[in-house]
Amino acid sequence: MNDFCRIAVGLAVVLSGLCGQVNAALRVFACEPEWGALSRELGGDLVEVSLATTALQDPHQIQAKPSLIARARNADLVVCTGAELEVGWLPMLLQQSGNAKVQPGQPAYFEAAAAVRMLDVPRRLDRSQGDVHAAGNPHIQTDPRNIALVARALGARMQQLDAANAERHARQLEDFLARWQQAIDRWNVQAAPLRGMAVVSQHKAFVYLYEWLGMKEIAVLEPKPGVEPTVSHLQSVRAALRDTPARMVVFGAYQDPRAADWFSRNAGIPVVRLPFTVGGTEAARDLFGLFDDTLARLLAAGKQ
Ligand SMILES: [Zn+2]
């Protein structure tokens, strides 16, 4: 190696070190897989994402384990649903992380629910009605139009927090939104046969999905939100639906399928396991796959 090359290599090492610092990825701590996936779509290689929950865990009920607390400690941005979904575990986790910049109210703390119109907001708050959320139904990720609204707000937040890369964040946001809108247009056409279809759900996990698709939830297997279905409640739902039959019974991949299976056998209607979030089924590998697979499963059951 001659002197020129030695200097060039040396410079390259110094420059790549500097660039490495400038481009240091924004460390995102996402409460649920859908927000981790959205952060990756928007951030690309400008972000490094870690997840608090998997698709097969119930996001209402997570343990604030030391390994999770450690990851929140190093986060530059916390992305969660909000609307009380994580009320049982996130406040303690954030407090114990000792990370001042990601506490609620700080720019590095982001709640997706603040970007959308909430459904099922109770007019009167009565905790005896089970695990009722004062802020409305928190399962907003089941409507892709909500994903677009959250993407805009989250993209803007990333630009604010990572000002050195703001232009790239802005470009990546617009690129995602264009691809996402094309997908929504395609899904709207595919989903036409589902419009007006009556369904039974195990948990009120899909109210946003049904509103988007024009499906009608005519009964819920849980007697109260978050309370396991009982045999007597299942039988009363079954009796109530003898005259107005549903076309299918739906449950989320993270849930115990026994109640939905029982209902399916007794009512003679198909049972549908929906991914609910990214990773809930094998085909729901990313946000696009989440809705491709959700529609494929609903359409297949609707034909039975
Ligand atoms: Zn819920």
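To start, this report covers the structure provided alongside it. (Residues numbered from 1 in each chain as written. Predicted model: local features only at pLDDT ≥ 70, side-chain atom pairs only at ≥ 80, totals over all residues. Heavy atoms only, no water.)

Some details on the pattern of salt bridges
Turning to step 1, where the next piece is worked out: Following the criterion strictly, the structure yields 14 salt bridges and no others.
Turning to step 2, where the next piece is worked out: A salt bridge links Arg 186 to Asp 292; its shortest N-O distance comes to 3.1 Å. Here the residue Arg 186 occupies a position in helix α6 (residues 166-190), and Asp 292 occupies one in helix α10 (residues 287-303), the gap between them amounting to 106 residues.
Turning to step 3, where the next piece is worked out: Arg 186 gets classed as partly exposed once you look at its relative accessible area, which sits at 38%.
Turning to step 4, where the next piece is worked out: Between Lys 204 and Glu 217 there is a salt bridge whose closest N-O contact spans 2.7 Å. Of the two residues, Lys 204 sits in the loop between β5 (198-201) and α7 (207-213) while Glu 217 sits in strand β6 (residues 216-220), which places them 13 residues apart along the sequence.
Turning to step 5, where the next piece is worked out: Overall, the relative accessible area of 31% leaves Lys 204 in the partly exposed class.
Turning to step 6, where the next piece is worked out: Look at Glu 217 and you get partly exposed, because its relative accessible area is 22%.
Turning to step 7, where the next piece is worked out: A network of salt bridges, in which partner residues are shared, links Arg 117, Asp 143, Arg 145 and Glu 211. (Salt bridge = Lys/Arg side-chain N within 4 Å of Asp/Glu carboxyl O. Helix = DSSP H or I, 4+ residues; strand = E, 2+ residues; numbered from the N terminus. Buried < 20%, exposed > 50% of the residue type's maximum accessible area, 1.4 Å probe, protein only.)

Brief notes about helix α5 (residues 144-161)
Turning to step 1, where the next piece is worked out: A rise of 1.5 Å per residue sets the reference length of α5, with its 18 residues, at 26 Å; its end C-alpha atoms lie 25 Å apart and thus fit the reference within 8%.
Turning to step 2, where the next piece is worked out: Those residues of α5 that fall on the buried side of the exposure criterion are Pro 144, Asn 146, Ile 147, Ala 148, Val 150, Ala 151, Leu 154, Gly 155 and Met 158. (Expected span 1.5 Å × (residues − 1).)

Re the pairing of β5
Regular strands place their side chains on alternate faces of the sheet.
Turning to step 1, where the next piece is worked out: Burial of β5 is two-sided: the residues Ala 198 and Val 200 facing one way and the residues Val 199 and Ser 201 facing the other way are all buried.
Turning to step 2, where the next piece is worked out: Examined bridge by bridge, β5 and β6 share four bridges and lie parallel to one another. Counted as the bridge partner of Ser 201 is Val 220 from β6.
Turning to step 3, where the next piece is worked out: The handedness of the β5 to β6 crossover, carried by α7, is right-handed.
Turning to step 4, where the next piece is worked out: For β5 and strand β7 (residues 248-252), the ladder comprises three bridges, and the chain directions are parallel. Within β7, the position partnered with Ser 201 by the bridge is Val 250. (Pairing = 2+ DSSP bridges. Right-handed = clockwise from strand over helix to strand, strands pointing away.)

Some words on unusual backbone geometry
Most peptide bonds are trans, and most residues other than glycine sit at a negative phi.
Turning to step 1, where the next piece is worked out: One non-glycine residue with positive phi stands out, namely Glu 84, at about 70°.
Turning to step 2, where the next piece is worked out: Here Glu 84 is to be found in the loop between β3 (77-80) and α4 (90-97).
Turning to step 3, where the next piece is worked out: Although it is not a glycine, Phe 276 adopts a positive phi angle of roughly 70°.
Turning to step 4, where the next piece is worked out: Mapped onto the fold, Phe 276 is located in the loop between β8 (271-274) and α10.

Here's the deal with the packing of helix α3 (residues 66-73) against α4
Turning to step 1, where the next piece is worked out: The contact between α3 and α4 brings their axes to 8 Å, and the two run at 60°. Relative to α4, the element α3 is oriented oblique. The hand of the α3/α4 crossing is right-handed. Residues Leu 68, Ile 69, Ala 72 and Arg 73 of α3 pack against Leu 93, Gln 96 and Ser 97 of α4.
Turning to step 2, where the next piece is worked out: Its residues placed into classes, the contact of α3 with α4 shows four nonpolar, two polar and one charged. (Axes fitted to C-alpha atoms, helices over the stretch in contact; angles between N-to-C directions. Parallel < 35°, antiparallel > 145°, perpendicular 65-115°, else oblique. Left-handed = near helix turned anticlockwise from the far one by under 90°. Contact = heavy atoms within 4.5 Å. Nonpolar A, V, L, I, M, F, W, Y, C, P; charged D, E, K, R; others polar.)

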